[in-house]
Amino acid sequence: MTQNASPITLHPGRVTLAELRRIHAGPVQLVLDVSARAGLQKSLATVQRIVDEDQVVYGINTGFGKLASTKIAHERLAELQRNLVLSHSVGTGDALADDVVRLILATKAISLARGHSGIRPEIVDALLAMANANVLPVIPAKGSVGASGDLAPLAHLACVLIGEGQAKVDGQVVPGAEAMRSIGLQPFVLGPKEGLALLNGTQVSTSLALAGLFGAESVFAAALVAGCLSLEAIKGSVKPFDARIHEARGQAGQIAVAAAVRALLDGSAIDPSHPNCGRVQDPYSIRCVPQVMGACLDNLHHAARVLTIEANAASDNPLVFENGDVISGGNFHAEPVAFVADIIALAVAEIGAISERRLSLLLDPGLSGLPAFLIRDSGVNSGFMIAQVTAAALAAENQCLANPSSVTSLPTSANQEDHVSMATYGARRLGDMVRNAAVMVGIEAMAAAQGMEFDRALKSSPLVEEQFAAIRQRVAYLEQDRFLATDIEAMREWAQQSTWPAALTQCLPSFA
């Protein structure tokens, strides 16, 4: 297992988006800030006092959900917590990806370490030990409605801590008890409230949404590069990117995107070469890149702010406070995550949609001035004709997937939990959407590079030429029809990389 550079010290409540991106990107050593332990110990002492004094407090010595009014005898509290974890382990579907599970472990540890959950510090240590050893619980992707916490998926995580369920060790799925032994720990016998604290929370929804955000940022950057390649291929105008236009409107994202495009095209010899070409205006997919992509960028920034807060949040229930109060509320309700997952979905759908329109423009000789379907011997060769059909199919799919999930709610737990967020699905679908958008953007970039090849008398800017060369390292010029699926996959990988020029990354939230 390769570790990412320096360790990350987690300061609960103050973990940054850039740190969360690093955790998602690959295994990295996580260390809990020592100052967090005092709060953990204090809230644990509060819970123990309640048990010792035989007070009746929800989640500590009562049933759960509709059974909250049922008092549980002291001698059965450990059984209560174990049964809670086992009964809630009802997830289904494929296992969540390793990078998402790593984020779940980290954000669960961060949330518990806020000191409002009344659990032992050793449980937080165990979560971090799993993340550090890349021992990853097998968590089925489906089964959470995103309210009362991500109950089912988090139960599958908690199962490993009590020696049940499954986890990946060195890539192999093993029983939970064996996974615990691999990090030198015995399974926990959960104390009062510990099972509930592990299951309550929005960490699965939040981690899925963060993964979607990070993916959207990469595809956003790729789409700006692809747009510049397309502009150069059709010999479009850079005038619509003049800073004065965008400052007159005042939208921050629009201003930033126009600046990024100007930086990417700085030094191009192509634009000054056609001042009298007769083209009055480019189609919106070229001319309105700052307006469309800027709106997407603003939404990604908003989503980043909300998700950074949520990744640091105490979303357990009930919460334990310094003065000894234990208050039942609803921080487990993932409505903030549901809303921003829908917002990210809208941005990803639009990134792909405008890219597909530029691709269509490139293939139309009446609009682009380039050979039909970007192939010289058309008729015998179809060129990029059907690649655009693939892009259109994915654009339509993303438009369907972008329909909001946050407006969907079905009651659970005999109507005790009568309004739910559906954040988990809303965030989970972002993975498919980002991949679809990456394919669309990758096809556009490949086609735009092809379009540029028809007139290489002049060079574009250094940054655009650098990206042109990177594309050519992955896919060759299309002289005649060939099997394109492998080229499309290579360009999808290009679009989903995280290494982009600073002109692009400086406007993206998690690269700051």
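Residues numbered from 1 in each chain as written. Predicted model: local features only at pLDDT ≥ 70, side-chain atom pairs only at ≥ 80, totals over all residues. Heavy atoms only, no water.

**Q** Tell me about the packing of aromatic side chains, and name the residues and values.
**A** If you walk through the whole model with that rule in mind, you get two aromatic pairs. Judged by centre distance (6.3 Å) and plane angle (75°), the ring pair of Phe 454 and Tyr 477 falls under edge-to-face. Of the two residues, Phe 454 sits in the loop between α17 (423–453) and α18 (462–474) while Tyr 477 sits in the loop between α18 and α19 (485–495), which places them 23 residues apart along the sequence. Their ring planes at 85° and their centres at 5.2 Å tell us that Trp 494 and Trp 500 sit as a pair that is edge-to-face. Over the aromatic face of Phe 468 sits the side chain of Arg 456, whose NZ or CZ is 4.3 Å from the ring centroid. (Phe/Tyr/Trp six-rings, centres within 6.5 Å; stacked < 30°, edge-to-face > 60°. Helix = DSSP H or I, 4+ residues; strand = E, 2+ residues; numbered from the N terminus. Lys NZ or Arg CZ within 6 Å of the ring centre and 35° of its normal.)

**Q** Can you lay out the pattern of salt bridges for me, pointing to particular residues and giving the numbers?
**A** Enumeration according to the criterion identifies 21 salt bridges in this entry. We note a salt bridge from Glu 53 to Arg 49, for which the minimum N-O separation is 3.6 Å. We note a salt bridge from Glu 453 to Arg 472, for which the minimum N-O separation is 2.8 Å. Here Arg 472 lies in helix α18 and Glu 453 lies in helix α17, a separation of 19 residues in the sequence. Judged by its relative accessible area of 24%, Glu 453 falls in the partly exposed class. Here the salt bridges do not stand alone but share partners, grouping Arg 435, Glu 489, Arg 492 and Glu 493 into one network. (Salt bridge = Lys/Arg side-chain N within 4 Å of Asp/Glu carboxyl O. Buried < 20%, exposed > 50% of the residue type's maximum accessible area, 1.4 Å probe, protein only.)

**Q** Go over the nonpolar core, please, and point to the residues and values.
**A** Of all hydrophobic cores here, the largest spans 164 residues; its most connected members are Leu 161, Phe 220, Leu 224 and Trp 494. In terms of residue count, helix α9 (residues 203–233) provides more of this core than any other element does, 20 residues in total. (Core = buried A, V, L, I, M, F, W, Y, C linked by side-chain atoms within 4.5 Å.)

**Q** Go over the pairing of strand β7 (residues 172–175) with me, naming the residues and quoting the values.
**A** In this sheet, β7 lies alongside strand β6 (residues 166–169) in antiparallel orientation, the contact comprising four bridges. Residue pairing for β7: Ala 167 is matched across the bridge by Val 174. Hairpin geometry of β6 and β7 is characterised by an intervening segment of two residues between the two adjacent antiparallel strands and by a positive phi of about 55° at Asp 170. (Pairing = 2+ DSSP bridges.)

**Q** Provide a residue-level description of the sheet that holds β6, including the pertinent values.
**A** Consider a sheet: its strands pair through backbone hydrogen bonds, and that pairing is either parallel or antiparallel. Across the sheet, three strands lie side by side as β4-β6-β7; this open sheet has antiparallel pairing. Bordering the open sheet on either side are β4 (136–137) and β7, each of which pairs with just one other strand. Sheet topology places β4 next to β6; two bridges connect them, and they run antiparallel. Across the sheet, Pro 137 pairs through a bridge with Ala 167, a residue of β6.

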